[in-house]
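Next come the chains, spelled out residue by residue.
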Amino acid sequence: MSDELDQASELEMLNTQIALANRQRPTMTFTGLCQNGDCGEKVDKGFFCCPECKDDYERIERAQQHRKVA
Ligand SMILES: [Zn+2]
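None of the values given here were measured: they were computed from a predicted structure. (Residues numbered from 1 in each chain as written. Predicted model: local features only at pLDDT ≥ 70, side-chain atom pairs only at ≥ 80, totals over all residues. Heavy atoms only, no water.)

A. Representation of the pattern of salt bridges within the structure. What the rule picks out here adds up to two salt bridges. Ionic pairing is found between Glu58 and Lys54, a salt bridge with its closest N-O pair at 3.1 Å. Remark: Lys54 and Glu58 occur in helix α2 (residues 51–69); sequence separation between them is four residues, near one turn of the helix. By relative accessible area, which is 36% here, Lys54 ends up partly exposed. Across the pair Arg59 and Asp56 runs a salt bridge, and its minimum N-O distance is 2.9 Å. Residue Arg59 and its partner Asp56 are located together in helix α2, separated by three residues, close to a single helical turn. Assessed through its relative accessible area of 48%, Arg59 is described here as partly exposed. (Salt bridge = Lys/Arg side-chain N within 4 Å of Asp/Glu carboxyl O. Helix = DSSP H or I, 4+ residues; strand = E, 2+ residues; numbered from the N terminus. Buried < 20%, exposed > 50% of the residue type's maximum accessible area, 1.4 Å probe, protein only.)

If you want it as structure tokens, here you go:
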């Protein structure tokens, strides 16, 4: 009985580790444009023209991940 419990919590721990690993951002391709959806501003390097766009993008990304879970 207690063995089963141990296995369950071990599995839970493993799932948490996998979830954390998957949280890593997928590699973004440099396009020369701001990656924040509606912006499209040209950038010399990086993926966003300004910190606000980065915040926006991450907020949207988070919201999409929430939707996937639910
Ligand atoms: Zn931008």
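Right, picking up where we left off after that structure.
B. Spotlight on a nonpolar patch on the surface. A cluster of nonpolar side chains, Leu11, Leu14 and Ile18, forms an exposed patch at the surface whose accessible area comes to about 270 Å². Here Ile18 shows up in helix α1 (residues 2–22). Owing to a relative accessible area of 42%, Ile18 belongs among the partly exposed residues under this scheme. (Patch = residues over 30% accessible without salt bridge, like charges linked within 9 Å, V, L, I, M, F, W, Y side chains within 5 Å. Areas by Shrake-Rupley, 256 points an atom, 1.4 Å probe, with all protein chains shown as cover.)

C. Layout of the coordination of the zinc ion. Protein coordination at the zinc ion: the donors are Cys34 (SG), Cys39 (SG), Cys49 (SG) and Cys53 (SG), at 2.2 to 2.4 Å from the metal. If you look at the zinc ion, its four donor atoms make angles of 104 to 116° with each other, and the shape they trace is tetrahedral. Donor residues for the zinc ion, ordered by position in the chain, follow C-x4-C-x9-C-x3-C. With Cys34 in the loop between α1 and α2 and Cys49 in the loop between α1 and α2, this pair connects stretches of sequence that are 15 residues apart. On the basis of relative accessibility, which here comes to 5%, the residue Cys34 falls in the buried class. You can call Cys49 partly exposed: its relative accessible area is 33%. (Donors = N, O, S within 2.8 Å, 3.2 Å for Na, K, Ca; no water. Tetrahedral: all angles 85-135°; square planar, octahedral: opposite > 155°, others 65-115°.)

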